[in-house]
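# Coordinate analysis (summary)
The primary structure of each chain is shown beneath.
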Amino acid sequence: MSCPKFQPLIALYVESDFAPGQEDMVEPHLAVCESCREFDLKMRESQDALKTLRNEFVEGSVFQDVRTEVLRAVSRRCPPRTWPRYVMAAGVALILLAGWVWSTRPGARLQV
């Protein structure tokens, strides 16, 4: 696992998105940290893959198919939850009922 402090810096370092002089923070660390060097290599590989993809034309129907599949998968995993609303409504009704019962008991009148 790479060092959490350096992950965002390495991500900037891969594409040279640093301000001038900031790469001096990352290069010495990469020289001594094997896991961060692996993270740097993986980031470079993923950036190269993304760069090759952006040159390919993808039809809109492909995006629609992907969207449909994602929505189908999400709907299977996350059924809508309606029961919390009913529980809250029942709780409010119970509190109101308890307040009414409390106020109607003998001797519950406020005296001024």
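Since this is a predicted model, take the numbers as computed values, not measurements.

Conventions we followed
Residues numbered from 1 in each chain as written. Predicted model: local features only at pLDDT ≥ 70, side-chain atom pairs only at ≥ 80, totals over all residues. Heavy atoms only, no water. Buried < 20%, exposed > 50% of the residue type's maximum accessible area, 1.4 Å probe, protein only. Helix = DSSP H or I, 4+ residues; strand = E, 2+ residues; numbered from the N terminus. Arc of directions from axis to C-beta. Contact = heavy atoms within 4.5 Å.

Quick look at helix α2 (residues 23-32) now. Buried within α2 are the following residues: Val-26, His-29 and Leu-30. Viewed along the axis of α2, the buried residues span an arc of 100 degrees, placing them on a single side of the element. In α2, the exposed residues that point more than 90 degrees away from the buried face are Asp-24, Ala-31 and Val-32. The inward-facing, buried residues of α2 contact α1 (7-14) and α3 (34-53).

Below, the discussion takes up α1. Buried within α1 are the following residues: Leu-9, Ile-10, Tyr-13 and Val-14. Mapping the buried residues of α1 onto a view down its axis gives an arc of 135 degrees, with all of them on the same face. Buried residues in α1 make contact with α2 and α3. Looking one or two residues past α1, Ser-16 carries a phi angle of roughly 55 degrees, positive in sign.

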